[in-house]
Structures are given as structure tokens and as C-alpha cells.
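Chains, contacts and geometry: an overview
Here is what each chain is made of, one letter per residue.
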Amino acid sequence: MPTSSASTTDSVKSGGGVQSLERAFDLLERMADAGGEVGLSELSASSGLPLPTIHRLMRTLVVCGYVRQQSNRRYALGPRLIRLGESASRLLGTWARPYLARLVEETGETANMALLDGDEIVYVAQVPSKHSMRMFTEVGRRVLPHSTGVGKALLANVPDAEVRALLGRTGMPAATERTITTPEGFLDALAEVRRLGYAVDDNEQEVGVRCLAVSVPDSPTAAAISISGPAGRVTEAAVEKIVPVLQQVAVELSQALVSSGA
């Protein structure tokens, strides 16, 4: 049976990619960027695709369990994505461990890797310090971004309006008396991150703990790495030595992730 040119164009692109798959993954990413729930008209406006095409793709994703249709006829990310995300996070953490181990060797402090998952920060890898007094964060732990160095590093280049919307959804509860609890204060802190090239959590998540963090540049998924330790060790003098190491390791980790196709 002959195949129409329109069908062929929709199925296989000249570069060998499958266009419908590319479009489906693009829609999933747009849903994630929108907070996980959208309407078809919103997807059409943001993607430029016609409504019939979006409806067809979404219907397929619903059948597969990657999207679910809600009673209000809007679409939300589906439960099957959770298993994929958890597996990908574990694998990403595995790839990162040698780089975190190098951070520990060169700085003496606990090294972490974190991602922005929805509105929360999730820690996906850690290598602990060899000091008897050291920081420990459970892999898989979720925290709000406004009180963490990795949260600041991950949000530093996000538009202010999107940051305000995130903070509006999560609130800004105080973990310590040093926690930033206003959107204006947090946006000022993000501007400082952009100016300095690194983020600081100065007793904002836990009393007595300082954390230095940088984003992983050009990472296929937004990620940040950090070191954390007692404030008495992570002093201003130590910052001058630690930050260049953090930045170099972040670049090398990014290159490894990109070359591996992570």
C-alpha cells in the first residue's frame, strides 16, 4: 500500500529522527515547565502545533500512562514517568560520584549533586567528607529551593517571574533565622549568584552549616553540585580555594554528561 508524503513527513525526518516522538517529548517537557498540568490550548500556543496534532499525541501518551486526563479536561503528567525519573536520577548520581569524590579529596568537605524536580530540590548523589564532623544529606531528600545553595544555583538564570511563581506555590518557610523568607530578598540573592558565579547557603538550611554551590553548565538536565561543611571550616578564606575547584569539576561533569548522552 502506498504511503502518503504527509504521513511519511510526520513519521520520519530527513535526519533519521521520528518527528512524532520528538513532538511527544517536547510536549512532556512543556508540561513539566508549566508545573505538570496544562490544557491543550496552552500547549498549542507554546509549541506552535495545531490542536488536532496535539490531541492525537496526548491521546497516545494517555494510553501509555505517561499523561493522564483530569476531570476538568486538562492534562497532567502521568505516574509512569515517576519510574523513569527515579531510574534516570539514580543513573545520573552514579555518573556524578567520581566527580563528587574528587571534590571531597580537594576540598575536604562533603560533596552533593542536586536537581530541580518540579518545585523542589532533590539530592541525587553524595560523597561524604572524611572528617569526623561532617555534613550528611540523604540521597533522595527533597527540600525547598529558597533555603539551599543548590536551589539558588539552579534558579539563578530562571526568569524572575517564574521564580516568583515557584515561590508563590511553595511558600518560603524559615528553616533557620537566617533563611530568606521574601521573594525580593531571594531575587536579590539570585542576582548575587549571577554576579559571583556561585551560590552560598550561610546557615540558611541548618544552623552551623555553610554550603557553596554551582550549576553544571550546559547539562542535559538542570543540575548543581555543592560542598557543605561546618561554618567554622567553610570560612571566607576557604571559599576562595573551594569555588574554583567546584567550577572546574562542574565543567568536567557537564562534558561527561553531554558526551554520554545523559
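Residues numbered from 1 in each chain as written. Predicted model: local features only at pLDDT ≥ 70, side-chain atom pairs only at ≥ 80, totals over all residues. Heavy atoms only, no water.

Overview of the sheet that holds strand β8 (residues 209-215)
Taken together, the six strands give an open sheet; going across it, the order is β6-β5-β4-β9-β8-β7, and neighbouring strands pair in antiparallel fashion. Because the sheet does not close on itself, it has two edges, and the strands there are β6 (142-143) and β7 (199-202). Note that strand β4 (residues 110-117) and strand β5 (residues 120-127) share seven bridges and pair antiparallel. From the neighbouring strand, Met 113 faces β5, where its bridge partner is Ala 125. (Pairing = 2+ DSSP bridges. Helix = DSSP H or I, 4+ residues; strand = E, 2+ residues; numbered from the N terminus.)

Some remarks on the confidence of the model for the chain
As a general rule, the predicted coordinates of low-pLDDT regions are not to be interpreted in detail. The pLDDT averaged across the chain works out to 86; a share of 87% of its residues lies at or above 70. Of the regions scoring below 50 in pLDDT, residues 1-12 engages in ten contacts with residues more than four places distant in sequence or in other chains. (pLDDT = per-residue confidence, 0-100. Contact = heavy atoms within 4.5 Å.)

Some remarks on the sheet that holds strand β3 (residues 75-77)
Strands pair in a sheet through their backbones, by hydrogen bonds, and they do so in one of two ways: parallel or antiparallel. Overall, antiparallel pairing links the three strands, which are arranged β1-β3-β2 in an open sheet. Each of the sheet's edge strands pairs with one partner strand only, and the pair in question is β1 (37-38) and β2 (67-69). Sheet topology places β1 next to β3; two bridges connect them, and they run antiparallel. From the neighbouring strand, Glu 37 faces β3, where its bridge partner is Ala 76. The sheet contacts of helix α2 (residues 19-33) involve β1, β2 and β3, and relative to β3 the element is tilted by about 90°. (Axes fitted to C-alpha atoms, helices over the stretch in contact; angles between N-to-C directions.)

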